[in-house]
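What follows is the residue order along each chain.
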Amino acid sequence: MGELTIWTYDWVPEGPRGFVRDLRLRWACEEAGLSYAVRTVPFDGRATNHLADQPFGQIPFLKDHGVAIFESGAGLLHLARKSDKLMPRDPVGEAATLQWTIAALNSIEMVTVPWWFLKLCGDANNGLTGWMSQRLDHLERVLSEQEWLAAKRFTVADLLMADVLRVSDIRSFGNRPATEAYVARVTSRPAFKQAQAAQIGHFAAADRKREEEGSS
Ligand SMILES: N[C@@H](CCC(=O)N[C@@H](CS)C(=O)NCC(=O)O)C(=O)O
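Residues numbered from 1 in each chain as written. Predicted model: local features only at pLDDT ≥ 70, side-chain atom pairs only at ≥ 80, totals over all residues.

**Here we look at the site of the ligand**
Inference 1: Close to the ligand lie V20, R21, R46, G57, Q58, I59, P60, E71, S72 and G73.
Inference 2: Tallied by class, the residues present in the shell around the ligand amount to three nonpolar, four polar and three charged. (Near = placed C-beta within 6 Å. Nonpolar A, V, L, I, M, F, W, Y, C, P; charged D, E, K, R; others polar.)

Here's what the structure looks like:
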């Protein structure tokens, strides 16, 4: 209850490791120098076993001294209020950060995730392709004119936008050099690398535990 705690699954299959959305919250804490713990809910039975914490049976969610919050975007904004490393304190810089954070979720991820899902289901040339191209082309124009989305420096908006864009199928979709350079730049930050390694280590430890339990 007391400390800042990021909740994720106890285990996930190999495929999503390194991309599970608790990484967004880990990364933000690492950027901001916030100390945090990671705790888990079972992956098995996820559709029903933690609906009081996350009404869609998903992760991540965050608990922080009596505050409980689900949705990775909401969790990021909660963390951003704790550190100006994630969001500037002046109204203009804060507004720019908020708008690009919401744009990452509601103008980009809202098309990339369904597109990626249809591709995964075998429908690579699905009806969302043109729509996604348009969105990514507009973003390419923005990123060819500026290094960061808001306030002329790294903010939580870059963290989220880069996390949305770094999915390999999205990254390799079309030729957008400014976007590719942006994703490479943002994900080369030590805080990202630390967060990603920690997540991969977390699930590797879960594999070992499962093997021990299976062999005993
Ligand atoms: N909009 C949610 C999406 C969360 C989400 O997609 N979580 C995935 C892991 S990255 C999950 O829990 N998947 C398991 C499931 O949906 O059953 C957020 O950003 O927090």
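**Some thoughts on the pairing of strand β1 (residues 5-9)**
Side-chain positions along a regular strand alternate between the two faces of the sheet.
Inference 1: Taken across its five residues, β1 has four buried, putting it largely inside the fold.
Inference 2: Two strands pair when backbone bridges link them, and β1 and strand β2 (residues 37-41) are joined in this way by five bridges, in the parallel orientation. The partner of Y9 across the bridge, within β2, is V41.
Inference 3: Remark: the β1/helix α1 (residues 22-32)/β2 crossover connection has right-handed handedness.
Inference 4: Inspection of the sheet shows β1 paired to strand β3 (residues 61-64) by three bridges, in the antiparallel sense. From the neighbouring strand, T5 faces β3, where its bridge partner is K63. (Buried ≥ 20, exposed ≤ 12 C-beta atoms within 10 Å, placed from the backbone. Helix = DSSP H or I, 4+ residues; strand = E, 2+ residues; numbered from the N terminus. Pairing = 2+ DSSP bridges. Right-handed = clockwise from strand over helix to strand, strands pointing away.)

**Quick notes on the sheet that holds β3**
Inference 1: Read across the sheet, four strands follow the order β2-β1-β3-β4 without closing on themselves; strand pairing throughout is mixed. The two strands at the open ends of the sheet, each matched to only one other strand, are β2 and β4 (67-70). Neighbour to neighbour, the strand axes of the sheet diverge by 25° on average, direction disregarded.
Inference 2: Direction of pairing for β3 relative to β4: antiparallel, over a ladder of four bridges. Paired with D64 across the bridge in β4 is V67.
Inference 3: In the packing of helix α3 (residues 72-80) onto the sheet, contacts are made with β3 and β4, and the angle to β4 comes to roughly 140°. (Axes fitted to C-alpha atoms, helices over the stretch in contact; angles between N-to-C directions. Contact = placed C-beta atoms within 7 Å.)

**Thoughts on unusual backbone geometry**
Inference 1: The step from I59 to P60 runs through a cis peptide bond, and the omega angle for that step is 10°.
Inference 2: With respect to the helices and strands, P60 occurs in the loop between α2 (46-49) and β3.
Inference 3: For H65, which is not glycine, the phi torsion reads 45° and is therefore positive.
Inference 4: Residue class for H65 comes out exposed when judged on the 9 C-beta atoms lying within 10 Å of it.
Inference 5: We note that A151 has phi near 60°; this positive angle belongs to a residue other than glycine.
Inference 6: According to the C-beta neighbour criterion, A151 is partly exposed, with 19 such atoms within 10 Å.

Keep in mind these numbers describe shape, not what the thing actually does.
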